[in-house]
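Given next are the chains, with one letter for each unit.
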Amino acid sequence: MNQKSSEEQGRGRRLAIIGAGPIGVECALRALDEGFNVALYEAKMPGAHVRTWSHVTFFSPWSLNRSARGVATLQAAGVELAPDEDVPTGAQYLDAYLEPLVEALKRDTHFQLFEQTRVLGVSRVRALKGDLLANPKRARRPFLLRVSGPEGERFDEADVLIDASGVLENPNRLGPGGLAAIGEEALNGEVIRAIPDVEAQRDRLAGKRVLVVGHGHSAATTLGALTELRESAPQTHITWAYRAEDEPFVEIEGDTLPQRLRLSRLGNAIARGEVSGVDPVGGVFVERITREDCALRVVLADEQGTTREIEVDRIIANVGYHPDTSLTSELQVHLCYASDGPMKLAASLLASAGNADCLAQSSAGPEVLKNPEPEFFVLGTKSYGRNPNFLLKIGLEQIDDVMTLLTQKEGDV
Ligand SMILES: Cc1cc2nc3c(=O)[nH]c(=O)nc-3n(C[C@H](O)[C@H](O)[C@H](O)COP(=O)(O)OP(=O)(O)OC[C@H]3O[C@@H](n4cnc5c(N)ncnc54)[C@H](O)[C@@H]3O)c2cc1C
């Protein structure tokens with residue numbers, strides 16, 4: 001972090017960030033350099049969402065996962081960094097980068113980290129959602145944050161608010177049209193809604209009949225780990241149910257990310273029935289789940305209503321996530337009706353849809369990050385709503401874009 005001066009654009013304004021994931025932490029680092037007083041609220045511990053997939057290897061290398069500012073901060077603190085071209089696991093990303101960065105942030109007197117502190121809702125001081133529409137006075141009413149921490153509930157205030165709370169707390173459901181399947185909610189947490197650490201959960205999975213649902217790279221990662229498990233536990237039987245009727249993965253010509261290409265190839269090979277011990281069922285969704293003694297009876301249905309029943313011991317749902325829009329429902333945020341992401345960014349993502357390579361994306365610039373609510377921004381994976389193509393490299397560009405907006409605006413308000 002650089003020396004601050006009264007000339008800096010943040011000039012002691014209070015910037016609150018919801019979520020100490022990779023983007024919240026990187027944003028705090030940048031905002032301190034711009035002269036803001038930063039309060040970072042984290043419901044659990046920094047990097048909590050990455051921790052749920054700490055055993056998974058990134059498909060992007062270090063060079064795309066960390067900022068130049070973050071690298072410089074850690075180098076100045078004497079932290080040894082892995083080469084740019086290496087690809088970390090989630091755990092390595094946390095241990096070697098995010099956690100040391102948080103430690104560096106804590107040394108800055110303009111920074112406060114509120115761990116185990118959940119933001120429950122946000123609004124404006126003395127302004128309801130419908131008040132001061134398109135009125136510059138709205139920007140002069142501070143943000144009001146209702147938070148719950150170790151000491152109980154309280155209200156905090158901020159001048160600028162950034163929501164970087166991610167989507168991982170809200171996994172999608174298994175049933176038709178995104179609804180829960182009949183009986184799904186009654187299973188009370190029995191469905192595994194993450195990429196499981198198959199080795200750590202060996203007792204739960206080895207030798208079992210496992211249903212994997214989903215057709216993204218998360219499902220392919222799970223299938224890869226389960227097929228490896230079969231080498232030492234050949235009784236393990238896997239059924240893979242997914243929506244696509246054709247090959248589920250696009251194999252990108254000359255993909256520069258070998259890990260992604262490997263997963264896509266594996267997924268397509270399984271879909272063609274070329275991997276023993278895995279039964280692929282394409283073009284279906286889960287209609288109903290019934291517990292029968294120790295087993296789960298699952299009805300899979302296709303678009304024509306043809307059903308097929310299977311009996312399994314475990315269900316792993318890798319069917320994506322959606323944002324919690326209630327957190328900011330008292331603010332003037334225009335959300336996309338299809339993705340639940342902020343409208344301007346969603347529209348720009350829709351316009352560029354069709355490119356199968358998420359690596360080819362770049363940030364669409366500062367303007368698309370603006371909301372009707374002044375000085376409020378959604379960054380990171382939550383900014384993409386239900387669109388799964390977010391990458392850290394985009395989030396780092398978003399931070400630059402927002403800081404450009406905030407520092408340009410200084411003096412106007
Ligand atoms: C399995 C997997 C693999 C991925 N691999 C890659 C990859 O290789 N390359 C890449 O670029 N991207 C990858 N991504 C996508 C993306 O980069 C990650 O999801 C990344 O963690 C997003 O960072 P974030 O800071 O936006 O959100 P998150 O990491 O989700 O962080 C959000 C934080 O907010 C906290 N929080 C939530 N609600 C509240 C609240 N109300 N109050 C306070 N705190 C709150 C959470 O506890 C969490 O710590 C991957 C994602 C997954 C799931």
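Naming follows an unreviewed UniProt entry, where the chain appears as FAD/NAD(P)-binding domain-containing protein of Lujinxingia sediminis.

Visitor: Would you take a moment to explain the domain arrangement of the chain for this structure?
Guide: The figure often quoted for interface size is the accessible area lost as the parts come together. Each domain of the chain was delimited in the assignment, giving domain 1 (14–169 + 321–409) and domain 2 (176–317). Between the C-alpha centres of domain 1 and domain 2 the distance comes to 31 Å. Each partner contributes to the interface: domain 1 provides 13 residues, whereas domain 2 provides 12 residues. Both sides of the domain 1 and domain 2 interface together cover about 980 Å² of buried area, and 69% of this is carbon and sulfur. Here domain 1 and domain 2 share 0 salt bridges between them. The interface formed by domain 1 and domain 2 contains 3 residue pairs in polar contact (both at pLDDT 80 or more). Looking at side-chain class alone, the side of domain 1 that touches domain 2 contains 8 nonpolar, 4 polar and 1 charged residues.

Visitor: Mind showing me how you'd approach the pattern of salt bridges here?
Guide: It is possible for side chains bearing opposite charge to pair when their charged atoms get close. In total, this model carries 32 salt bridges according to the counting rule given. Here Asp 84 ties to Arg 66 by a salt bridge, and the two come within 2.9 Å at their closest N and O atoms. Of this pair, Asp 84 sits in the loop between helix H4 (68–76) and helix H5 (90–106) while Arg 66 sits in the loop between helix H3 (62–65) and H4, and the two are 18 residues apart along the sequence. Of the residues examined, Asp 84 reaches a relative accessible area of 43% and is grouped as partly exposed. The class for Arg 66 is buried, based on a relative accessible area of 8%. Residue Glu 292 is joined to Arg 297 by a salt bridge in which the shortest nitrogen-to-oxygen separation is 3.3 Å. Its relative accessible area of 35% is what places Glu 292 among the partly exposed residues. Residue class for Arg 297 comes out partly exposed when judged on its relative accessible area of 25%. It is possible to trace a salt-bridge network through shared partners that takes in Arg 209, Glu 292, Arg 297, Glu 309, Glu 311 and Asp 313.

Visitor: Help me out: how do you make sense of the site of the ligand in this one?
Guide: Contacts to the ligand come from 28 residues, most closely from Glu 42, His 49, Phe 59, Ser 60 and Leu 392. Between a nitrogen atom of the ligand and a side-chain N or O atom of Ser 60, the distance comes to 2.7 Å. Within the residue set of the shell around the ligand, elements represented by two or more residues are helix H1 (22–33), helix H2 (48–51) and strand E4 (118–124). Here the element with the most residues in the shell around the ligand is H2; it accounts for 3 residues.

Visitor: Just to check I follow, could you spell out the nonpolar core for this structure?
Guide: Counting 46 residues, the largest nonpolar core has Leu 15, Ile 17, Val 38, Tyr 93 and Leu 379 as its most contacted members. At the level of elements, strand E1 (14–18), H1, strand E2 (37–41), H5, strand E3 (111–114), strand E7 (160–163), helix H10 (343–351) and helix H11 (392–409) are the ones that each hand at least two residues to this core. In terms of residue count, H11 provides more of this core than any other element does, 8 residues in total. Aside from chain neighbours lying at most four places away, what touches Leu 379 is Ile 23, Cys 27, Ile 162, Asp 163, Ala 164, Leu 369, Gln 398, Ile 399 and Val 402. Counting residues in hydrophobic clusters, the runner-up holds 22 residues, among them Leu 226, Ala 233, Tyr 242 and Leu 263.

Visitor: Sorry if this is basic, but what is going on with empty space enclosed by the protein here?
Guide: In this approach, a probe sized like a water molecule rolls over the atoms, and the result shows the empty space that is left. All chains considered together, the criterion is met by 1 cavity of 30 Å³ or more. In this structure, the largest cavity spans a volume of roughly 70 Å³. If you go around the largest cavity, the residues you meet are Asp 163, Asp 324, Thr 325, Thr 328, Val 333, Leu 335, Asp 340, Pro 342, Val 378 and Lys 382.

Visitor: So what exactly am I meant to see when it comes to the packing of helix H8 (residues 217–232) against helix H9 (residues 258–271) here?
Guide: The axes of two packed helices give the description: the angle between them and the distance between them. Orientation of H8 relative to H9, taken along the N-to-C sense of each, is 75°, at an axis distance of 9 Å. By the angle between their axes, H8 is roughly perpendicular relative to H9. For the pair H8 and H9, the contacting residues are His 217, Ala 220, Thr 221, Leu 223 and Gly 224 in the first and Arg 260, Leu 263, Ser 264, Leu 266 and Ile 270 in the second. The residue inventory of the contact of H8 with H9, partitioned by class, reads 5 nonpolar, 4 polar and 1 charged.

Visitor: Where do I start with the environment of Asp 246 in this structure?
Guide: Topologically, Asp 246 is positioned in the loop between strand E9 (237–241) and H9. A relative accessible area of 62% means that Asp 246 is categorised as exposed. Distance from Asp 246 to Asp 400, taken between C-alpha atoms, is 39 Å for residues 154 residues apart in sequence.

Visitor: I tried to follow the environment of Ile 252 on my own but got confused; where do I start?
Guide: With respect to the secondary-structure elements, Ile 252 resides in the loop between E9 and H9. Looking at Ile 252, the relative accessible area reads 17%, which means it is buried.

Conventions and cut-offs
Residues numbered from 1 in each chain as written. Predicted model: local features only at pLDDT ≥ 70, side-chain atom pairs only at ≥ 80, totals over all residues. Heavy atoms only, no water. Domains from an automatic or database assignment. Contact = heavy atoms within 4.5 Å. Buried area = accessible area lost by both parts, 1.4 Å probe. Salt bridge = Lys/Arg side-chain N within 4 Å of Asp/Glu carboxyl O. Polar contact = N/O pair within 3.5 Å; in protein donor to acceptor, adjacent residues only side chain to side chain. Nonpolar A, V, L, I, M, F, W, Y, C, P; charged D, E, K, R; others polar. Helix = DSSP H or I, 4+ residues; strand = E, 2+ residues; numbered from the N terminus. Buried < 20%, exposed > 50% of the residue type's maximum accessible area, 1.4 Å probe, protein only. Near = heavy atom within 4 Å. Core = buried A, V, L, I, M, F, W, Y, C linked by side-chain atoms within 4.5 Å. 1 Å grid on protein atoms, 1.4 Å probe; cavity = no way out; pocket = protein on both sides within 12 Å on 5 of 7 lines; lining within 4 Å. Points joined across faces, edges and corners; volume = space filled by probe spheres on them. Axes fitted to C-alpha atoms, helices over the stretch in contact; angles between N-to-C directions. Parallel < 35°, antiparallel > 145°, perpendicular 65-115°, else oblique.

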